[in-house]
Amino acid sequence: MRAILALEDGTWFAGRSFTGEGEAGGEVIFNTGMTGYQEVLTDPSYIGQMVCMTYPLIGNYGVNPEDVESDRVQAEAMIVKECCKQPSNWRATQSLPDYLRDAGVIGLEGIDTRALTRHIRIHGAKRGIISTRNVPVQELIEQARSLPSMEGANLVQNVEVPGPYVWDGRRPRFVTLDQGNYAWPGPGHRVVVFDFGIKWSILRILQKKGLDLLVVPASFTTDQVMALRPDAVFLGNGPGDPASLTDIVQTVAELTDKLPMAGICLGQQIMGLALGGTTYKLKFGHHGLNHPVKELSTGRVEISSQNHGFCVDFGSSDFYHPTHVNLNDNTLEGFRHKTKPLMAVQHHPEAGPGPHDCRSFFDRFVTMLDETLGKKH
Ligand SMILES: NC(=O)CC[C@H](N)C(=O)O
């Protein structure tokens, strides 16, 4: 079925929907990963975005119930050159078109994804509409212009979880607190994890490291966190503009004085703002699986998985020193507080999907906790 992608700047592409009738709007960005499309689709950080995969054939290995980063498709749409309709893989339980159709999310194929990607690289990420409606293109362009901008967008509120939960190995299991208290069951360091739209891979790895986790909603206050008597705090990834999250930044600023803390992606951005730094929007973001990142203390270069549109200004706070830099564009990839046990990275060390070069981040977090609190296991 014919479908149009119309951008706010008047550029448009004609292709086909591989999911039937539909319409979607959002910020159009590109992801350079050759694989991992199911993790990309289910990563809550992609809320508000329509993802163009630059690899020309997507869907070959289908989808399965294990490779999910949350309980649903989160991206607004997927754009590919060609979608494979008959997957071949022993783990596949469904094809990509059926998966998207069941989720009510539109898939567009048959457009020149290289031309779209070059356009975004030159002119920056653009708001766009994909539609199968038979209307003049100008109408869709106007519709794209009326979409909210990603800059200033608080999208974390869209994924707020209803309450605290533990990770049961496969999915969240919600718990009831007893007057705000929690009986930590395990012997490991007690870590309160903020869910801003967290990827399940992060929880899977934190749990494997022997940490005792309680995941809390983004709106949890300092008092609510401290009532849980945790040893540390972890800030996960999430969608939207970090600068819009003023209440969360305030809470995290208070907690940085009280507890050791680590953050990934949106977590780094929130911690950076909480420490007095500033954030800005990148022209077209970093979305892919092969971004070279240099660890400054060793000079070691790691190939990282990335998904972000915003970034912490390199030298915007005196409180931390940079630990990692992106070798493609010299942006800040990680920092550590000069005196307190606080650390963060902008890339995705959990790598769901992607190479595992950066996974030592989680060991450094555990080491930081052992050094600050004493060994627990
Ligand atoms: N993966 C993330 O946490 C993304 C953070 C933020 N929404 C950004 O686009 O920069």
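The rules behind these values
- Residues numbered from 1 in each chain as written.
- Predicted model: local features only at pLDDT ≥ 70, side-chain atom pairs only at ≥ 80, totals over all residues.
- Heavy atoms only, no water.
- UniProt positions renumbered as here; feature names shortened; annotations may be inferred.
- 1 Å grid on protein atoms, 1.4 Å probe; cavity = no way out; pocket = protein on both sides within 12 Å on 5 of 7 lines; lining within 4 Å.
- Helix = DSSP H or I, 4+ residues; strand = E, 2+ residues; numbered from the N terminus.
- Buried < 20%, exposed > 50% of the residue type's maximum accessible area, 1.4 Å probe, protein only.
- Contact = heavy atoms within 4.5 Å.
- Phe/Tyr/Trp six-rings, centres within 6.5 Å; stacked < 30°, edge-to-face > 60°.
- Pairing = 2+ DSSP bridges.

**Describing the UniProt feature "active site" (unreviewed entry) in the protein**
Logical step 1: Residues given the UniProt feature "active site" (unreviewed entry) here are Cys265, His348 and Glu350. These residues run over 86 residues, yet every pair of their C-alpha atoms falls within 11.0 Å of each other. Lining residues of the largest cavity drawn from the annotated list: Cys265.
Logical step 2: Its place among the elements puts Cys265 in the loop between β15 (261-264) and α8 (266-274).
Logical step 3: Here Cys265 falls in the buried class, since its relative accessible area comes to 4%.
Logical step 4: Sequence-distant contacts of Cys265, defined by excluding residues within four places in its chain, comprise Asn237, Asn307, His308, Val345, Gln346, His347 and His348.
Logical step 5: Looking at the element boundaries, Glu350 is found in the loop between β20 (342-345) and α9 (360-373).
Logical step 6: Residues contacting Glu350, with those up to four places away along its chain left out, are Lys199, Ser201, Ile202, Ile205, Ile264, Arg359 and Phe362.

**Section: helix α5 (residues 200-208)**
Logical step 1: All of the buried residues in α5 are Trp200, Ser201, Ile202, Leu203, Ile205 and Leu206.
Logical step 2: Phi turns positive one or two residues past the end of α5, at Gly210, with a value near 85 degrees.

**Some points on the packing of aromatic side chains**
Logical step 1: Evaluated as defined, the whole model comprises nine aromatic pairs.
Logical step 2: Ring geometry for Phe194 versus Phe196: centroids 5.7 Å apart, planes at 10 degrees, classification stacked. Grouping residues by exposure puts Phe194 and Phe196 together as buried.
Logical step 3: Ring geometry for Phe234 and Phe365: centres 5.4 Å apart, planes at 65 degrees, overall edge-to-face. One end of the pair, Phe234, is in strand β14 (residues 232-235); the other, Phe365, is in helix α9, with 131 residues separating them in the sequence.

**Side note on the pairing of β20**
Consecutive residues of a regular strand have side chains that alternate between opposite faces of the sheet.
Logical step 1: What you see with β20 is no split at all: Leu342 and Ala344 on one side and Met343 and Val345 on the other are buried throughout.
Logical step 2: With four bridges connecting them, β15 and β20 associate as parallel partners. Directly across from Ile264, in β20, lies its bridge partner Val345.
Logical step 3: Sheet analysis places strand β19 (residues 332-337) next to β20, joined by three bridges and oriented antiparallel.

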